[in-house]
Amino acid sequence: MPMRTLGYAVIGCGRVALRHVEAAETIQGACLAAVVDADQAKATALADASNSSPRMYRDYSEALADPSVDVVAVAVPTQMHRDVTVAAAQAGKHIYCEKAMAATPAQCVEMLAATRENGVKLTIGHSTRWQPAVLMARRLIDQGAIGEV
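Everything quoted here is computed from the prediction, not taken from an experiment.

### Quick notes on the packing of helix α4 (residues 81-90) against helix α5 (residues 105-118)
Across the interface, α4 lies against α5 with an axial gap of 8 Å and an inter-helix angle of 10°. If you check the angle between α4 and α5, you find them roughly parallel. Contact residues: α4 offers His-81, Arg-82, Thr-85, Val-86, Ala-89 and Gln-90, while α5 offers Gln-107, Glu-110, Met-111, Ala-114, Thr-115 and Asn-118. For the contact of α4 with α5, a count of residues per class yields four nonpolar, six polar and two charged.

Printed below as a string of structure tokens:
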């Protein structure tokens, strides 16, 4: 059985968005389906930087209604993470949300509840945890090499 291709939408076309475009275009089983930004020039620039022909939206709710979108990367300012993530969960989309997770702990709880209620996955972009220096620091802490942290 062939693997299904997942359509990826990048919501927010700021600095980190290009990394998401690169991921969607290089990960086997993924494709860039959409880019979203209220600033049409930013969305156009990101779409032009891609090797795909993603649809462009100004409003994230339009991308969430797009049946070709399976996964969203939430790359908007932190104060918008809760609203976009909850809406994505309610639309049945899996979510990669940039850090910080949300503006308040209560918003984090709401995001988790929405993903549980809608049976979708959520991950927060703490990608630096896998960098060699961070892994080495973790090993040193676990070994007690630097004392009690």
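### A few points about the side chain of Lys-93
Tracing the backbone through its elements, the reader meets Lys-93 in the loop between α4 and β5 (94-98). Among buried charged residues, Lys-93 stands out as having no salt bridge; its nearest opposite-charge side chain is Asp-70, 5.9 Å away. Here the side chain of Lys-93 touches Leu-64 through a polar contact of 3.5 Å, landing on its backbone oxygen. Residue contacts for Lys-93: discarding those within four places in its chain leaves Leu-64, Asp-66, Pro-67, Val-69, Asp-70, Val-72, Ala-88 and Val-120.

### What to know about helix α1 (residues 17-26)
Looking at α1, one finds that the buried residues are Ala-17, His-20, Val-21 and Ala-24. Buried residues of α1, viewed axially, fall in a sector of 100°; they line one side. Residues of α1 that are exposed and angled more than 90 degrees away from the buried face: Arg-19 and Thr-26. In the core, the buried residues of α1 are packed alongside β1 (6-11), β2 (30-36), α2 (40-49), β4 (71-74) and β5.

Cut-offs used in this document
Residues numbered from 1 in each chain as written. Predicted model: local features only at pLDDT ≥ 70, side-chain atom pairs only at ≥ 80, totals over all residues. Heavy atoms only, no water. Axes fitted to C-alpha atoms, helices over the stretch in contact; angles between N-to-C directions. Helix = DSSP H or I, 4+ residues; strand = E, 2+ residues; numbered from the N terminus. Parallel < 35°, antiparallel > 145°, perpendicular 65-115°, else oblique. Contact = heavy atoms within 4.5 Å. Nonpolar A, V, L, I, M, F, W, Y, C, P; charged D, E, K, R; others polar. Buried < 20%, exposed > 50% of the residue type's maximum accessible area, 1.4 Å probe, protein only. Lys, Arg positive; Asp, Glu negative; His and termini not counted. Salt bridge = Lys/Arg side-chain N within 4 Å of Asp/Glu carboxyl O. Polar contact = N/O pair within 3.5 Å; in protein donor to acceptor, adjacent residues only side chain to side chain. Arc of directions from axis to C-beta.

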